[in-house]
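Each chain, written out:
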Amino acid sequence: MTWDWSAVSAFLPYFRDGLLVTLQALVLGSLISFVLGLVWALLARARARWVRWPVGVLTEFVRDTPLLVQLFFLFYVLPEWGLTFSALVTGVAGIGLHYSTYTMQVYRAGIEAVPAGQWEAATALSLPRRRTWTAVILPQAVRRVAPALGNYVIAMLKDTPLLMAITVLEMLGRARLFSQQNFRFTEPLTVIGVAFVVISYLASLLLRALERRLAH
């Protein structure tokens with residue numbers, strides 16, 4: 001099998017469309033995982049046991065089941081209950097929910113790493129509980145865990161090809177479609193492989209820059 005640059009050129013429109021879908025899923029899924037993960041982390045610290053227990057069960061269940069199974073459930077089972085969404089919306093929600101159970105643990109570690117003196121100072125100043133969290137605890141916790149959260153963004157990028165299983169044509173889906181139509185596999189798969197490496201590398205550079213900035 002020889003390398004065909006004309007096949008690469010023909011694949012580029014497919015690649016562009018797939019790249020846009022991949023980036024959409026990555027950005028929106030990351031936002032969901034960051035916000036929802038923080039919500040889980042805060043609920044897990046609630047004083048009421050009836051709040052902590054369901055959150056613990058739910059997040060443990062999601063973390064212990066494969067992402068692909070969850071995507072299939074959301075895409076094929078929920079419509080039987082009258083909840084129908086587009087494939088991309090389902091994929092974004094699924095990947096965001098899945099990774100929120102991991103970012104939850106990152107937030108938990110960050111909150112626990114805040115020195116006890118900060119809590120005592122907030123208590124001495126008679127700050128309301130909400131003010132203590134928003135002004136004292138969370139800013140310090142998020143600063144500590146930002147690099148770790150970024151690592152999950154890279155992991156999420158590598159899992160976006162799973163969305164192809166529910167008909168989302170991201171980069172791998174577009175490559176497969178092109179290959180089936182043109183009987184060329186080497187060029188499109190090589191292109192998306194290089195694209196994943198480049199995107200992951202650029203993301204790691206951004207993470208290191210963020211880590212250095214937060215360290216000062």
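Whatever comes next refers back to the structure up there.
A brief report on the enclosed structure follows.

A word on the overall build of the protein. If you tally the helices and strands in the protein, you get 8 helices and 0 strands. The order of helices and strands in the protein, counted from the N terminus, is α-α-α-α-α-α-α-α. The C-alpha extent of the protein, read off along each of the three principal axes, is 70 × 50 × 20 Å. A total of 216 residues make up the protein; the buried ones form 39% of that total.

Side chains of Val194, Val198, Tyr201, Leu202 and Leu205 sit close together on the surface and give an oily, nonpolar patch of about 440 Å² of accessible area. Inspection of the secondary structure assignment puts Val194 in helix 8 (residues 186-215).

Under the defined criterion, the tally for this structure stands at 4 salt bridges. We note a salt bridge from Arg184 to Glu187, for which the minimum N-O separation is 2.3 Å. Note on accessibility: Arg184 and Glu187 belong to one class, buried.

A few words on the nonpolar core. By size, the foremost hydrophobic cluster in this structure holds 26 residues, and its most contacted members are Phe11, Phe15, Val168, Met171 and Ile192. If you list the elements that add at least two residues to this core, you get helix 1 (5-44), helix 3 (67-77), helix 4 (87-113), helix 6 (129-159), helix 7 (171-182) and helix 8. When residues in this core are grouped by element, the largest group, 6 residues, is from helix 1. If we skip the residues at most four places from it in the chain, Ile192 touches Phe11, Phe15, Met171, Leu172 and Ala175.

The residue Thr167 is not glycine, and still its phi comes out positive at about 75 degrees. Relative to the elements of secondary structure, Thr167 occurs in the loop between helix 6 and helix 7. Located in the positive-phi region is Phe183, a residue other than glycine, with phi close to 55 degrees. Mapped onto the secondary structure, Phe183 falls in the loop between helix 7 and helix 8. Phe183 gets classed as exposed once you look at its relative accessible area, which sits at 64%.

The rules behind each value
- Residues numbered from 1 in each chain as written.
- Predicted model: local features only at pLDDT ≥ 70, side-chain atom pairs only at ≥ 80, totals over all residues.
- Heavy atoms only, no water.
- Helix = DSSP H or I, 4+ residues; strand = E, 2+ residues; numbered from the N terminus.
- Buried < 20%, exposed > 50% of the residue type's maximum accessible area, 1.4 Å probe, protein only.
- Patch = residues over 30% accessible without salt bridge, like charges linked within 9 Å, V, L, I, M, F, W, Y side chains within 5 Å.
- Areas by Shrake-Rupley, 256 points an atom, 1.4 Å probe, with all protein chains shown as cover.
- Salt bridge = Lys/Arg side-chain N within 4 Å of Asp/Glu carboxyl O.
- Core = buried A, V, L, I, M, F, W, Y, C linked by side-chain atoms within 4.5 Å.
- Contact = heavy atoms within 4.5 Å.

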